[in-house]
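Fold and contact review
Listed below, chain by chain, are the residues.
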Amino acid sequence: VSETPSPPPPDRPGAAAHPAAGIRTYALIAVFLFLLTAMEVAVFYIQALAGVLIPVLILLALAKFALVAMFYMHLRFDHPWFSYLFVGPLMIAVGLAIGLLWLFHVFGSTGLRTPPGG
Amino acid sequence: VFLHNAVRSVRRGPPAPADPWDGRTLEWAIPSPPPSYNFAALPEVRRRDALWLTKYPDARGPGLADPAALVTPRGPIHMPPPSAWPLLTALAMLVLSAGPLVHLGVVVVGGILTVVAAVGFALEHLPARGAGAGGHAEPPGPAGVDPRKLGFWAFLGSECLFFGTLVSVYLVYKGRSLVGPYPHDAGGVPGILNIPLTSISTFDLLMSSFSMVLAVAAIERGDLRATRRWLAATIAGGLIFLGFQAWEFTEFVHKGLGLTTNLFANTFYVMVGFHGAHVSAGVLWLAALLVLAIRGRLGRPQAVLVDIAGLYWHFVDVVWIAIFTLVYLIR
């Protein structure tokens, strides 16, 4: 696979031109995504890591999320307005999730949890 | 008297020339009938009563920079032609939204009309069938940003909030189901989630993102054959993922997990089901692009259309990355 970056179309200045990313980069990202997913599944089955399961899995998922958003969605190379439009609401969504979990005592121990797997 | 005058003028009156009143302000500088773009070039106004001073110069200085430039285009002007599709789309959406008040059939009819009108609207400005990679390019918006991509990123931002809410509700009710089946092993009872199977479908979706980005790269360098190949591969990846999801849902129902069985079922089906609906919409979108590419109506000037479809597909992928971790892997 050769590195063949996409040249900016001369008739569309400012449009879909991603000169910084090439096919080799995309392939490398795909390999990383595969490895990270394999690590996630492995971590899930390794009992010794049960204590750190949540932070490790969240870190691995964040890495995958960032790779896809930055390289496949071209946020790293495109106009920063796109990043603001995406990351802004994403932060609100994360804040919403954390707020709701706190409000419903998920972080504490007073929940109505019944069976451990439920 | 006005109506009589208007009708008589329209039917028998002589055509009005440009500037019939010997006007003094700028709007009288354009020809008659006025072109849809009004001014061919942005007029540079140096004085009040700019046109008057151009016609009748006095000692107070120049009026317009160059009145002839206003009617002589300096370059190609891009103006979308008049279209009925936006109005038809709005009317179809009216039928769709009024449907729940009347009958389910009206919802279906409104939905079909909305899809037809939206597709007609979307395809209107593409080059004709067999025209090859022709067509004109959209001018960039402010700061060189394509306004369609900007709008689509705003949409993806709203989608973050949509899925954020669904995931939040799932997590809030996680572990609060009073009856089984439960997602993970509990008290010697095996969980219902099939991690190996979902790992495979996750890998499949990730690889479809890879083929999607290759399709975007291919059309940006004008390689239509590779574009068609990678679009087809992405569609296949999406269909395989949907097949896995259909199989999973069917298994769950056979194991007694209906939509209203418990809190887990309710929140799980709504969240994962909405994600599956997004994947289905993406498959249809990509299939439409593939058909256009095969018919020669998609070329390098339309690369941004494939780019935007790619953004949607990757977004569906990153949502699944979150769901796979938060729902399937975290006990």
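As a starting point, this report considers the structure included with it. Computed from a prediction, not measured in an experiment: that's the story for all the values here.

A few words now on a nonpolar patch on the surface. Together, Val87, Met91, Val94, Ile98, Trp102, Leu103, Phe104 and Phe107 of chain A together with Val169, Tyr173 and Leu263 of chain B make up an exposed nonpolar region whose accessible area comes to about 1000 Å². For the nonpolar patch, the elements supplying multiple residues, two or more each, are helix H3 (80-103) of chain A together with helix H6 (147-173) of chain B. Per element, the largest residue contribution to the nonpolar patch is six residues, and it comes from H3 of chain A. Inspection of the secondary structure assignment puts isoleucine 98 of chain A in helix H3.

The subject of this paragraph is H6 of chain B. In this model H6 of chain B runs 40 Å from its N-terminal to its C-terminal C-alpha over 27 residues, within 8% of the 39 Å that 1.5 Å per residue would give. Glycine 175 of chain B occupies a position one or two residues after H6 of chain B and carries a positive phi of about 80°.

All names here are of chain A. For the coordinates displayed, the defined rule picks out seven salt bridges over all chains. In this structure, lysine 64 and glutamate 40 form a salt bridge, with 2.8 Å as the shortest nitrogen-oxygen distance. With lysine 64 in helix H2 (residues 53-72) and glutamate 40 in helix H1 (residues 23-45), this residue pair connects regions lying 24 residues apart in the sequence. Taking the relative accessible area as the measure of exposure, lysine 64 reaches 0% and is therefore buried.

For the rest of this paragraph, the subject is the interface of chain A and chain B. Taken together, the contact between chain A and chain B spans 61 residues of the former and 63 residues of the latter. Our count for the contact surface shared by chain A and chain B stands at one salt bridge. Note that lysine 149 of chain B and aspartate 78 of chain A form a salt bridge whose closest N and O atoms lie 2.9 Å from each other. Along the contact surface separating chain A from chain B lie five residue pairs in polar contact (both at pLDDT 80 or more). Ranked by residue count, the leading element in the side of chain A that touches chain B is H3 of chain A, at twelve residues. Considering only residue class, the side of chain A that touches chain B consists of 43 nonpolar, twelve polar and six charged.

Each value, and the rule that gives it
Residues numbered from 1 in each chain as written. Chains lettered and ligands numbered in written order. Predicted model: local features only at pLDDT ≥ 70, side-chain atom pairs only at ≥ 80, totals over all residues. Heavy atoms only, no water. Patch = residues over 30% accessible without salt bridge, like charges linked within 9 Å, V, L, I, M, F, W, Y side chains within 5 Å. Areas by Shrake-Rupley, 256 points an atom, 1.4 Å probe, with all protein chains shown as cover. Salt bridge = Lys/Arg side-chain N within 4 Å of Asp/Glu carboxyl O. Helix = DSSP H or I, 4+ residues; strand = E, 2+ residues; numbered from the N terminus. Expected span 1.5 Å × (residues − 1). Buried < 20%, exposed > 50% of the residue type's maximum accessible area, 1.4 Å probe, protein only. Contact = heavy atoms within 4.5 Å. Polar contact = N/O pair within 3.5 Å; in protein donor to acceptor, adjacent residues only side chain to side chain. Nonpolar A, V, L, I, M, F, W, Y, C, P; charged D, E, K, R; others polar.

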